[in-house]
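The residues making up each chain are set out below.
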Amino acid sequence: MPIDLSQDRIIKLTDQEFKDLVGFVYSHYGIDLSKKRQLIEGRLSHTLRGKGFSTFSEYMRILFQDKSGEELHGFLNKITTNHSYFARENEHFEFLMKVALPQLEKTRRGDLRIWSAGCSAGQEAYNIAMVMDQYFGPRKPQWDTTILATDISTNVLTKARQGIYSMDSIKGLPDAWKTKYFNRLPDGNFQVCEKIRKEVVFRIFNLMDPFVYKKPFDIIFCRNVMIYFDAPTTNKTVEKFYDATAMGGYLFIGHSESVDKANSKYTYLMPAIYQKQPNKGGR
Ligand SMILES: C[S@@+](CC[C@H](N)C(=O)[O-])C[C@H]1O[C@@H](n2cnc3c(N)ncnc32)[C@H](O)[C@@H]1O
């Protein structure tokens with residue numbers, strides 16, 4: 001039987017469509033897709049075809065006027081890059097355990113405010129929860145260390161709430177942690193145990209929106225997210241993080257990302273780790 005290859009055909013963007021779509025994504029989500037023409041065509045052609053569209057203009061007309069949010073969520077699920085895994089850039093978790101938490105424990109009373117911003121499917125947030133459990137041990141019941149974990153992709157947030165991962169995703173963790181913090185499922189995957197899952201609250205949140213919070217954060221992880229932003233957007237986002245950080249609190253970014261050290265109010269501690277200290281214009 002002949003195979004219908006039309007399903008796989010890529011729908012091409014015209015120059016104007018590309019410009020409009022890139023502008024839309026940049027202004028709403030800060031993501032710079034100006035060098036990602038093929039990625040957009042590749043990731044969205046199937047979606048367009050499924051909706052009966054043969055051009056991007058038809059799709060964009062619906063997308064740009066979407067009031068329900070449904071079309072937008074589907075679009076964001078397609079264009080975001082969500083790769084993540086446990087023990088990623090593990091030096092950060094070691095720093096947390098050996099330096100940040102001992103310092104914070106001395107100066108905080110009973111609660112720590114923690115945010116995993118751009119959390120993808122939850123690996124980073126659950127990893128932080130495991131570090132909290134390890135660090136506080138029997139003192140943990142005296143500490144509220146609930147982690148807020150946010151992303152713009154609804155697909156990854158659904159996966160995050162389930163907390164189910166492949167062996168490959170958790171392979172960087174110590175064996176003792178795999179046994180202690182995961183339940184092996186019949187299909188060979190691993191689910192984060194309930195005790196750790198209860199420590200993380202997942203919410204949809206766009207980092208381009210104003211940050212609204214009751215108390216500033218002691219620990220912010222925003223790793224491998226700003227890599228998709230341009231320099232002005234990164235600087236603005238870092239400034240918003242700074243305002244949302246409690247004095248003595250920490251910002252962790254990805255190793256391939258950078259904070260403008262000359263202009264940022266954060267104090268640089270070591271690669272990809274910053275602290276809000278009083279002597280650098282802190283409030
Ligand atoms: C590569 S993942 C990083 C996951 C994790 N932080 C890590 O380092 O493994 C980047 C995540 O940032 C999210 N993201 C991109 N732009 C965002 C925005 N404007 N607001 C919130 N999340 C965003 C994406 O949806 C994606 O899940």
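Residues numbered from 1 in each chain as written. Predicted model: local features only at pLDDT ≥ 70, side-chain atom pairs only at ≥ 80, totals over all residues.

Enquirer: Mind laying out the environment of aspartate 32, listing which residues take part and the relevant values?
Expert: The topology assignment puts aspartate 32 in the loop between helix 1 (15-29) and helix 2 (37-50). Between the C-alpha atom of aspartate 32 and that of tyrosine 228, which follows or precedes it by 196 residues, the distance is 5.8 Å. (Helix = DSSP H or I, 4+ residues; strand = E, 2+ residues; numbered from the N terminus.)

Enquirer: Give a description of the sheet that holds strand 3 (residues 164-165) that names residues and reports values.
Expert: One open sheet accounts for three strands, arranged 3-5-4; its pairing is antiparallel. Looking along the sheet, the strands with just one partner apiece sit at the ends: strand 3 and strand 4 (182-184). Where strand 3 and strand 5 (residues 190-192) come together, two bridges link them in antiparallel fashion. Looking at strand 5, one finds that isoleucine 164 is bridged to glutamine 191. (Pairing = 2+ DSSP bridges.)

Enquirer: An account of the pairing of strand 7 (residues 217-222) is needed here, citing residue identities and associated values.
Expert: Counting buried positions along strand 7 gives six out of six residues, so the element sits mostly inside the fold. In terms of strand pairing, strand 1 (residues 114-117) meets strand 7 through three bridges, oriented parallel. Note that in strand 7 the partner of serine 116 across the bridge is phenylalanine 221. At this point the chain moves from strand 7, through helix 11 (residues 231-243), to the parallel strand 8 (residues 245-253), and the crossover so formed is right-handed. (Buried ≥ 20, exposed ≤ 12 C-beta atoms within 10 Å, placed from the backbone. Right-handed = clockwise from strand over helix to strand, strands pointing away.)

Enquirer: Kindly report on the site of the ligand, identifying the contributing residues and their values.
Expert: Taken together, 25 residues form the shell around the ligand, and within it Thr80, Ser84, Gly118, Ser120 and Leu207 come nearest. Broken down by class, the residue content of the shell around the ligand amounts to nine nonpolar, 12 polar and four charged. Both of domain 1 (5-79) and domain 2 (91-280) provide at least three residues apiece to the shell around the ligand. (Near = placed C-beta within 6 Å. Nonpolar A, V, L, I, M, F, W, Y, C, P; charged D, E, K, R; others polar. Domains from an automatic or database assignment.)

Enquirer: Could you give an account of the domain arrangement of the protein chain, naming the residues involved and the relevant values?
Expert: Domain parsing of the protein chain yields domain 1 (5-79) and domain 2 (91-280). Counting residues at the interface gives eight residues for domain 1 and 11 residues for domain 2. Here the element with the most residues in the side of domain 1 that touches domain 2 is helix 4 (residues 70-79); it accounts for three residues. Residue classes in the side of domain 1 that touches domain 2 are distributed as three nonpolar, four polar and one charged. (Contact = placed C-beta atoms within 7 Å.)

Enquirer: Pulling in residues and values, what's your account of the sheet that holds strand 10 (residues 273-275)?
Expert: Whenever strands of a sheet pair, they do so through backbone hydrogen bonds, lying parallel or antiparallel. Taken together, the seven strands give an open sheet; going across it, the order is 6-2-1-7-8-10-9, and neighbouring strands pair in mixed fashion. In the strand order of this sheet, the two ends are held by strand 6 (200-204) and strand 9 (267-270), each with one partner. Going across the sheet, the axis of each strand differs from the next one's by a mean of 20 degrees, ignoring polarity. For strand 7 and strand 8, the ladder comprises five bridges, and the chain directions are parallel. Pairing of phenylalanine 221 across the sheet is with phenylalanine 252, part of strand 8. (Axes fitted to C-alpha atoms, helices over the stretch in contact; angles between N-to-C directions.)

Enquirer: Give me the lowdown on the nonpolar core, citing residues and values where you can.
Expert: Formed by 68 residues in total, the largest nonpolar core has its most connected members in Ala125, Ile128, Ala129, Ile219, Ile220, Cys222 and Leu251. At seven residues, the largest contribution of residues to this core is made by helix 6 (residues 123-136). When residues of this core are assigned to domains, at least three map to each of domain 1 (5-79) and domain 2 (91-280). Non-local contacts of isoleucine 220, meaning those with residues more than four positions away in its chain, are made with Trp115, Ala117, Phe241, Thr245 and Leu251. (Core = buried A, V, L, I, M, F, W, Y, C linked by C-beta atoms within 7 Å.)

Enquirer: Break down unusual backbone geometry for me, citing the residues and quoting the values.
Expert: Look at asparagine 224: it is not a glycine, yet its phi comes out positive at around 60 degrees. Inspection of the secondary structure assignment puts asparagine 224 in the loop between strand 7 and helix 11. Non-glycine residue alanine 272 carries a positive phi angle of around 70 degrees. Turning to its location among the elements, alanine 272 is positioned in the loop between strand 9 and strand 10. Owing to 20 C-beta atoms within 10 Å, alanine 272 belongs among the buried residues under this scheme.

Enquirer: How would you summarise the packing of helix 2 against helix 4 if you had to cite specific residues and measurements?
Expert: At a closest axis distance of 9 Å, the pairing of helix 2 and helix 4 adopts a crossing angle of 140 degrees. Considering their axes alone, helix 2 and helix 4 lie oblique with respect to each other. Viewed along their axes, helix 2 and helix 4 form a crossing whose handedness is right-handed. Here Ile40, Arg43, Leu44 and Thr47 of helix 2 lie close against helix 4, whose contacting residues are Gly74, Lys78 and Ile79. Taken together, the residues of the contact of helix 2 with helix 4 sort by class into three nonpolar, two polar and two charged. (Parallel < 35°, antiparallel > 145°, perpendicular 65-115°, else oblique. Left-handed = near helix turned anticlockwise from the far one by under 90°.)

Enquirer: Hey, could you go over the pairing of strand 9 for me, with residue numbers and the actual values?
Expert: Of the strand pairs in this sheet, strand 9 and strand 10 are connected by three bridges, and their pairing is antiparallel. The partner of threonine 267 across the bridge, within strand 10, is glutamine 275. In textbook terms, the turn of a hairpin is the stretch between consecutive antiparallel strands, and for strand 9 and strand 10 this stretch comprises two residues, one of which, alanine 272, has a positive phi near 70 degrees.

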